[in-house]
Amino acid sequence: MNLANSGLNQIAEALDNREMSSVELCEDYLTRIDDAEQLNAFITIDREGAIENARQVDENRQSGASLGPLAGIPIAHKDIFCTKGLLTSCGSRILSNFISPYSATVVERLSAAGAITIGKTNMDEFAMGSSSEHSYYRPVLNPWDTTRVPGGSSGGSAAAVAAGLIPAATGTDTGGSIRQPAALCGITGIKPSYGRASRFGMIAFASSLDQAGIFARSAKDAALLLDSMCGYDPKDSTSLDIPPPQCTQKLETPLDGLRIGIPEEYFTAGLDAKVAEIVQRALKEYESLGATLIDVKLPNSDAAIPCYYVIAPAEASSNLSRFDGVRYGYRSEHGESLAQMYRKTRSEGFGPEVRRRIMIGTYVLSHGYYDAYYVKAQRVRRLISNDYSRVFETCDLIMGPTTPTTAFEIGAKMSDPVLMYLNDVYTAAVNLAGLPAISIPAGFDELGLPVGLHIVAPYLEEARLLQAAHLYQKHTDYHLATPDLVT
Amino acid sequence: MSVSRKDVKVIATLAQLDLEDHAAKSYIQEMTDILAMIQKLQQIDTSKIDPMPHPQDIQLRLRSDELTEPEQRSELQSIAPSTEKGFYLVPKVLD
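Cut-offs applied
Along every chain, residues carry numbers that run from 1 in the direction the sequence is written. In the order they appear in the text, chains get letters beginning with A and ligands get numbers beginning with 1. Predicted model: local features are reported for residues with pLDDT of at least 70 only, side-chain atom pairs are reported and counted for 80 or more only, and whole-chain, interface and lining totals are derived from all residues. Where helices and strands are cited, they refer to DSSP runs of H or I of at least four residues and of E of at least two residues respectively, numbered from the N terminus. Field definition: a residue is buried when 20 or more other C-beta atoms are found within 10 Å of its C-beta, exposed when 12 or fewer are, and partly exposed for counts in between, with C-beta atoms placed from the backbone. For the purpose of contact definition, each residue receives a C-beta atom placed from its backbone, and two residues are in contact when these atoms lie within 7 Å. All residues other than Ala, Val, Leu, Ile, Met, Phe, Trp, Tyr, Cys, Pro, Asp, Glu, Lys and Arg, Gly among them, are scored as polar; the first ten of these are nonpolar and the last four charged. Each axis is a line fitted through C-alpha atoms, taken for helices only over the stretch in contact, and angles between the N-to-C directions span 0 to 180 degrees. Note on angle classes: values under 35 degrees are labelled roughly parallel, values over 145 roughly antiparallel, values of 65 to 115 roughly perpendicular, and the remainder oblique. Values of pLDDT, which run from 0 to 100, indicate the predictor's confidence residue by residue. Take the residue count of a helix, subtract one, and multiply by 1.5 Å to get its expected span. Note on bend: the value at a residue is the angle between axes fitted to the seven residues ending there and to the seven starting there.

K.L.:
How should I be thinking about the overall build of chain B in this particular structure?
P.N.:
For chain B, the helix and strand inventory stands at 3 helices and 2 strands. When the elements of chain B are put in sequence order from the N terminus, they spell out α-α-α-β-β. Its C-alpha atoms give chain B principal-axis dimensions of about 55 × 45 × 25 Å. Within chain B, the proportion of its 95 residues that are buried is 16%.

Right, dumping it as structure tokens:
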């Protein structure tokens, strides 16, 4: 069995047929993780815990006990999800000693389905970034070209899945942090609708935008994980009390008469010509599979990044006020007074990008600017959301590029924050509107770097999103490609 | 619109961040750049549009005022930088 690109079904089948035990499977993946240490994909590896849990699943399997759909399958969690008894650093110095006393609901649900947590993946500090270079630990490298970034903020999860270090991983997406790294690493990454997955135990960045999601090797695998992960949670006041999406069950349902909206605003200046060509080819493929392509307009697309960079920092500056060196995490030794201790702890504990966003957020929320920036951005947010509602009256899905370019070189955008922010130009609007979206591999540029196709669905239509992605993956093999690094 | 050194200092104080003099200079430039990018919002007519603070246009759920969490003070305090007799310790506030 080639673990580099095995699907969850193949793995589950091999476990079921006793071709291998879960302990053996975990050991194989742990070896792969060790061999690819240079990618810096992981912050923490829980060797003992994973093997112990795998042994338990193996015993249960032997005794004929009923097993969950993910029984014995190793996965990794972005280090933003609290995991009881394990370091949960969020990529930050300020949480570099934080052993969480509880687990996130997403972690608990996946564990309850039988998944084995093998480790915690590297990320941009507090999920703020699009390159995974803003980690307190070390930058994550792209397995397709280790001189390039994997995207971010969930870059560790994306790189780990792309390199076959793990069959699937969790991530979070506030402005594109699952879809952008999925595109840059050539894998499938889905962000469900706001409210589908519980945010309990997921360290907050921008609470009205944050949503947990999945990185996997295919839409089929993503569906299985999403079904296990989503569902009502009374511990999150924004969790939706509705039945789960049942994506796996609907995966093979035909998409008769599928109408795909193509926003003209997505194919303008700023989009790399080769990326545009590959995305157009993917759209043609859908057309040949029976879909109708419709030109649509999202006239406020240009406003998405400015709007996002008011709302996300504003919410972040409020959320991150809890990190003060009193109850948990890092405390500076240099504070003689309480006020000084707060300031030293936060200045030493937060990295430059996090401090920058706290400053911007504090500014737009401060007296005299609140209405001009924050409330204004909220009004524009409604316009952006209204654009989608109107477009979805005439089409079933929206498609376009996930990112304007393929993976860029490490360090290329670190000195220019605004340039870095433009990586999320096609993805951030989706979070503002709370919609579900996915990025799937659509081909490679002339350097062999992956290109992602971005698909957006109406609110709560995750199943349709995955049906369309699965349809494409049944007729193409881009999602099966693995980087040369992988053997 | 540019940000002044004084603005940056006030914001840093509100955000409980230290501001070294050499850092102030780069904050001034970066915040000015970011605010210039954000400034585009002002060109959009939103006169008849209500703010959208959240993707779900719903009221927050309320629940009955019942105890749901078990007592776990010692577990939660075991990860604190400094505690004594169940209290969190911080540097002296009053002399």
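Having put the structure on the table, let's press on.
K.L.:
What's the story with the interface of chain A and chain B in this structure? I'm lost.
P.N.:
Note on interface size: it is often stated as the accessible area lost on association of the parts. Residue-level contacts link 52 residues of chain A with 37 residues of chain B. Taken together, the elements giving at least two residues each to the side of chain A that touches chain B come down to α10 (304-319), α11 (338-349), α12 (352-365), α13 (370-391) and α14 (417-421) of chain A. When residues of the side of chain A that touches chain B are assigned to their parent elements, the largest contribution, 11 residues, is made by α13 of chain A. Of the residues contributing to the side of chain A that touches chain B, the split by class is 26 nonpolar, 14 polar and 12 charged.

K.L.:
What exactly am I supposed to notice about the packing of helix α7 (residues 219-229) of chain A against helix α16 (residues 462-475) of chain A here?
P.N.:
Any two packed helices are characterised by how steeply their axes cross, that is the angle between the axes, and by the distance between the axes. Residue and element names in this part refer to chain A. Here α7 crosses α16 at 155 degrees, and the two axes come no closer than 8 Å. Overall, the two elements α7 and α16 adopt an arrangement that is roughly antiparallel. Residue-level inspection shows A219, K220, A222, A223 and L226 of α7 in contact with α16, the latter providing E462, L466, A469, H470 and Q473. For the contact of α7 with α16, a count of residues per class yields 6 nonpolar, 2 polar and 2 charged.

K.L.:
Help me understand the packing of helix α2 (residues 22-35) of chain A against helix α3 (residues 47-62) of chain A, please; the structure alone is not making it clear to me.
P.N.:
All names here are of chain A. Packing of α2 against α3 brings their axes to within 8 Å, and their N-to-C directions diverge by 155 degrees. One finds that α2 runs roughly antiparallel with respect to α3. Contact with α2, carried on its side by S22, V23, C26 and L30, involves R47, A50, I51, A54, R55, V57 and D58 of α3 and no other residues of that element. Here the contact of α2 with α3 is composed, by residue class, of 7 nonpolar, 1 polar and 3 charged.

K.L.:
Got a minute to help me understand the confidence of the model for chain B in this structure?
P.N.:
In low-pLDDT segments, the atomic positions of the prediction should not be examined closely. Here chain B averages 91 in pLDDT, and 98% of its residues register 70 or above. Two summary scores accompany this predicted model of the complex, namely pTM at 0.97 and ipTM at 0.95.

K.L.:
Would you take a moment to explain α13 of chain A for this structure?
P.N.:
What sets the pattern is the α-helix's 3.6 residues per turn: residues three or four places apart point alike. Taking 1.5 Å of rise per residue, the 22 residues of α13 of chain A would be expected to cover 32 Å, and the 31 Å separating its terminal C-alpha atoms lies within 8% of that figure. Remark: the principal bend of α13 of chain A, roughly 25 degrees, maps to K376 of chain A. Taken residue by residue, α13 of chain A has Y373, Y374, K376, A377, Q378, V380, R381, R382, I384, S385, D387 and Y388 of chain A as its buried positions. Considering only its buried residues, α13 of chain A is in contact with α10, α12 and α15 (428-433) of chain A together with α2 (21-38) of chain B.

K.L.:
Explain α10 of chain A to me, please; I cannot follow it from the model alone.
P.N.:
When the terminal C-alpha atoms of α10 of chain A are compared, their 22 Å separation across 16 residues agrees well with the 22 Å that a helix rising 1.5 Å per residue should span. The buried fraction of α10 of chain A amounts to 14 of the 16 residues, a majority that puts the element mostly inside the structure.

K.L.:
Before we go on, may I ask you to explain the environment of M123 of chain A in this structure?
P.N.:
Within the secondary structure layout, M123 of chain A lies in the loop between β3 (116-121) and α5 (155-162). The spatial distance from the C-alpha of M123 of chain A to the C-alpha of S89 of chain A is 9.6 Å, given a sequence separation of 34 residues.

K.L.:
Would you take a moment to explain unusual backbone geometry for this structure?
P.N.:
In this structure, the amide linkage connecting G152 of chain A to the following residue, S153 of chain A, adopts the cis form with an omega of 10 degrees. One non-glycine residue, C90 of chain A, lies in positive phi territory at about 60 degrees. When you line up the elements, C90 of chain A lands in the loop between β2 (74-78) and α4 (105-112). Residue Q16 of chain B is not a glycine yet carries a positive backbone phi of 55 degrees.

K.L.:
Even after reading the chapter, I still don't get the environment of M37 of chain B, so can you show me in this structure?
P.N.:
Examined against the element boundaries, M37 of chain B turns out to sit in helix α2. In this structure, the C-alpha to C-alpha distance between M37 of chain B and S4 of chain B, residues 33 residues apart in sequence, is 17 Å. Residues in contact with M37 of chain B, not counting those within four places in the same chain, are P306, Y309 and V418 of chain A.

K.L.:
Explanation requested: the environment of T362 of chain A in the structure shown.
P.N.:
With respect to the element layout, T362 of chain A can be found in helix α12. According to the C-beta neighbour criterion, T362 of chain A is buried, with 24 such atoms within 10 Å.

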